[in-house]
Amino acid sequence: MVEKPIATGRAMPTIAAAHGVATDSAFGAVVPPIYLSSTYEFAGYDKPRAYDYGRSGNPTRDLLAETLAKLEGGAGAIITSSGMAAFDLLVGRLRPTDLVLAPHDCYGGTIRLLKARAERGQIKLRLVDQGDHAAFADALTDKPALVLIETPSNPLMRVVDIAALSAKSRAVGAAVAVDNTFLSPAIQRPIALGADYVIHSTTKYLNGHSDVIGGAVVAADPAQVAELRHWANVVGSSGAPFDAWLTLRGVRTLFARVDQQQRTAISIATYLEAHPAVARVHYPGLASDPGHALATRQQSGYGAMLSFELAGGVGAVQSFIGAVQIVTLAESLGGVESLISHPATMTHADMGAEARAAAGISDGLLRLSVGLEAEQDLIRGLEQGLNACSA
Ligand SMILES: *Cc1c(COP(=O)(O)O)cnc(C)c1O
């Protein structure tokens, strides 16, 4: 992976591993302590300190926010109680006349949130295939207030051009937010490509251990950071200190995890591509993938998410799931353990068969989040499943 230096001069893996380390003035604790207190003593009459109440601010949460902001190259970040709360922080302050332009194939929870807000008349919503240049240009004529971008997409790993879409959006006065959950700042930095906001489900790669639900919004502009921070306090969507502490603990190893996971992912993608039971592999790291050139230009790696279609369709999926070893059948991603999911019956079940077919999500499609298990064990485990398909 390319290590891109940031403004402070420290390389990103150094920030991830050590921002805030050995700064405790009370006892010299190397690991930044966790502050669980919900409230803070005033220094005297009308003399609040840096913190007064835990919904408005918390030192543990703020250290995570500062670390993520540095990693994403933003002015600051707001830590929320989930990825969806991070989206709603951005969307919830819009006005009924504001149009949100979102990808037609974005994360299901995001679509559900946007549709729910639009149905109540709180925003206007337009969904568009952002890989279709003409359709995107047409949608911009509606003058959106906010353009959401998600790349690579879930579960087909389609890659769109953040710099090009951001420039076009800005030209019509729209703010741009990129969901960077699938890659993390270790691989993709949307603000450097022109985005105004980066949104994370920290539940995934940033925490990395499948034991926290959390989210973050990073903003490029300090005025927007202040406004979002105010809004998070108004609506009360701030994340819990213990979750922030665990997430920062996860961030410490982000680069090492992602580096190893994506190396294994490329081996697995190559293995799957050559297997007769597999009809198609979606992974931008493969030279054969339609997103390969763009991903190579836009990202500093290819990540550890991939999906593949079994030649035998849904029958093969059932045989595969019954026989596969090592990987666990579960939703979510980005953890140290490998997870496999069946979008048609799990993450994308709510979409309905017709919308899935239109989006190219077949019943034979499986999505894999590659963990930290040994490559040979993972390949052997997957082989158990694949062998069962052809039986
Ligand atoms: C999981 C996920 C979300 C939602 O985050 P939660 O933490 O589950 O609320 C949003 N976008 C993407 C791409 C995700 O994978």
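Here, residues in each chain are numbered from 1, in the same order as that chain's written sequence. For this predicted model, a pLDDT threshold of at least 70 governs which residues receive local features, and a threshold of 80 or more governs which side-chain atom pairs are given and counted, while totals over whole chains, interfaces and linings are taken from all residues. Hydrogens and water molecules were not included; the side-chain quantities draw on all heavy atoms of the structure.

## With respect to the layout of surface pockets
Link 1 in the chain: The pocket and cavity definitions rest on a 1 Å grid over protein atoms only: a 1.4 Å probe that fits but cannot leave marks a cavity, an open set with protein on both sides within 12 Å along at least five of seven lines marks a pocket, and residues lining either have an atom within 4 Å of a point. Grid points are joined across faces, edges and corners, and a volume is the space filled by probe spheres set on the points. By volume, the largest pocket amounts to about 910 Å³.
Link 2 in the chain: Residue lining of the largest pocket: 43 residues in total, with Tyr-107, Gly-108, Gly-109, Thr-110 and Thr-347 positioned closest to the centre.
Link 3 in the chain: Mapped by element, the contributors of at least two residues to the lining of the largest pocket are helix 3 (83-91), helix 4 (108-119), strand 6 (197-201) and helix 12 (353-359).
Link 4 in the chain: Secondary structure counts use DSSP, requiring at least four H or I residues in a row for a helix and at least two E residues in a row for a strand, with both numbered from the N terminus. Take the lining of the largest pocket: its biggest share by element is 6 residues, from helix 4.
Link 5 in the chain: The residues that make up the lining of the largest pocket include at least three from each of domain 1 (12-251) and domain 2 (255-389).
Link 6 in the chain: In this structure, the second largest pocket spans a volume of roughly 240 Å³. In this entry, domain limits derive from an automatic or database-based domain assignment.

## Some points on the domain arrangement of the chain
Link 1 in the chain: Looking at the chain, the domain boundaries give domain 1 (12-251) and domain 2 (255-389).
Link 2 in the chain: Relative placement of domain 1 and domain 2: their C-alpha centres are 26 Å apart.
Link 3 in the chain: Across the contact, 34 residues belong to domain 1 and 37 residues belong to domain 2.
Link 4 in the chain: Here the quantity called buried area is the total loss of accessible area, with a 1.4 Å probe, experienced by two parts when brought into contact, counted for both. Taken over both partners, the interface formed by domain 1 and domain 2 buries close to 2800 Å², and the fraction arising from carbon and sulfur atoms is 61%.
Link 5 in the chain: Every case where a carboxyl oxygen of Asp or Glu lies within 4 Å of a side-chain nitrogen of Lys or Arg is listed as a salt bridge. Seen at the junction of domain 1 and domain 2, the total is 2 salt bridges. It only takes one pair of heavy atoms within 4.5 Å for two residues to be counted as in contact.

## Re the confidence of the model for the chain
Link 1 in the chain: Confidence along the chain averages 95 in pLDDT terms, with 98% of residues attaining 70 or more.
Link 2 in the chain: A score between 0 and 100, pLDDT records how confident the predictor is in each residue. Counting contacts from residues 1-6, a segment whose pLDDT is below 50, to residues more than four positions away or on other chains yields 17 contacts.

## A few points about the site of the ligand
Link 1 in the chain: Definition of nearness: a residue and a molecule or strand are near each other if at least one heavy atom of the residue lies within 4 Å of the molecule or strand. For the ligand, the set of nearby residues contains 13 residues, the closest of which are Gly-83, Asp-179, Ser-201, Thr-203 and Lys-204.
Link 2 in the chain: Between Asp-179 and the ligand, the recorded distance is 2.7 Å, taken from a side-chain N or O atom to a nitrogen atom.
Link 3 in the chain: Note on areas: Shrake-Rupley with a 1.4 Å probe; residue coverage comes only from the protein chains shown. In isolation the ligand exposes 380 Å². Once the protein is present, 92% of that is buried.
Link 4 in the chain: Criterion for pocket placement: a molecule counts as inside a cavity or pocket if more than half of its atoms are within 2 Å of its grid points. If you map the ligand onto the pockets, it falls in the largest pocket. Counted as a polar contact is a pair of N or O atoms within 3.5 Å, where, for protein atoms, one must be capable of donating a hydrogen and the other of accepting one, and residues adjacent in sequence contribute only when both atoms are in side chains.

## Things to note about the UniProt feature "modified residue: N6-(pyridoxal phosphate)lysine" (unreviewed entry) in the chain
Link 1 in the chain: This chain's UniProt record puts "modified residue: N6-(pyridoxal phosphate)lysine" (unreviewed entry) on Lys-204.
Link 2 in the chain: With respect to the helices, strands and loops of the structure, Lys-204 is situated in the loop between strand 6 and strand 7 (215-219).
Link 3 in the chain: Non-local contacts of Lys-204, meaning those with residues more than four positions away in its chain, are made with Thr-181, Ser-332, Leu-333 and Gly-334. UniProt positions are given in the numbering used here, feature names are shortened, and annotations may be inferred rather than shown by experiment.

## Some remarks on the nonpolar core
Link 1 in the chain: Grouped together as the largest cluster of nonpolar side chains are 58 residues, with contacts concentrated most on Ile-268, Leu-272, Leu-306, Phe-308, Leu-310, Phe-320 and Leu-368.
Link 2 in the chain: The element that contributes the greatest number of residues to this core is helix 9 (residues 254-273), accounting for 8 residues.
Link 3 in the chain: Split by domain, the residues of this core number at least three in each of domain 1 (12-251) and domain 2 (255-389).
Link 4 in the chain: In this structure, Val-91, Leu-94, Ile-199 and Val-217 belong to the second largest nonpolar core, which totals 22 residues. Definition of nonpolar core: a set of buried residues of the types Ala, Val, Leu, Ile, Met, Phe, Trp, Tyr and Cys, connected through side-chain atoms within 4.5 Å. To sort residues, take the accessible area from a 1.4 Å probe on protein chains only and compare it with the maximum for the residue type: under 20% means buried, over 50% means exposed, and anything in between is partly exposed.

## Here we look at the pattern of salt bridges
Link 1 in the chain: Under the counting rule described, the total for this entry stands at 12 salt bridges.
Link 2 in the chain: Here Asp-138 ties to Arg-126 by a salt bridge, and the two come within 2.8 Å at their closest N and O atoms. Separated by 12 residues along the polypeptide, Asp-138 in helix 5 (residues 133-140) and Arg-126 in strand 3 (residues 124-128) bring together distant segments of the chain.
Link 3 in the chain: On the accessibility criterion, Asp-138 (41% relative accessible area) is partly exposed.
Link 4 in the chain: For Arg-126, a relative accessible area of 24% puts it in the partly exposed group.
Link 5 in the chain: Put simply, Arg-126, Asp-138 and Asp-142 are held in one network by salt bridges that share partners.

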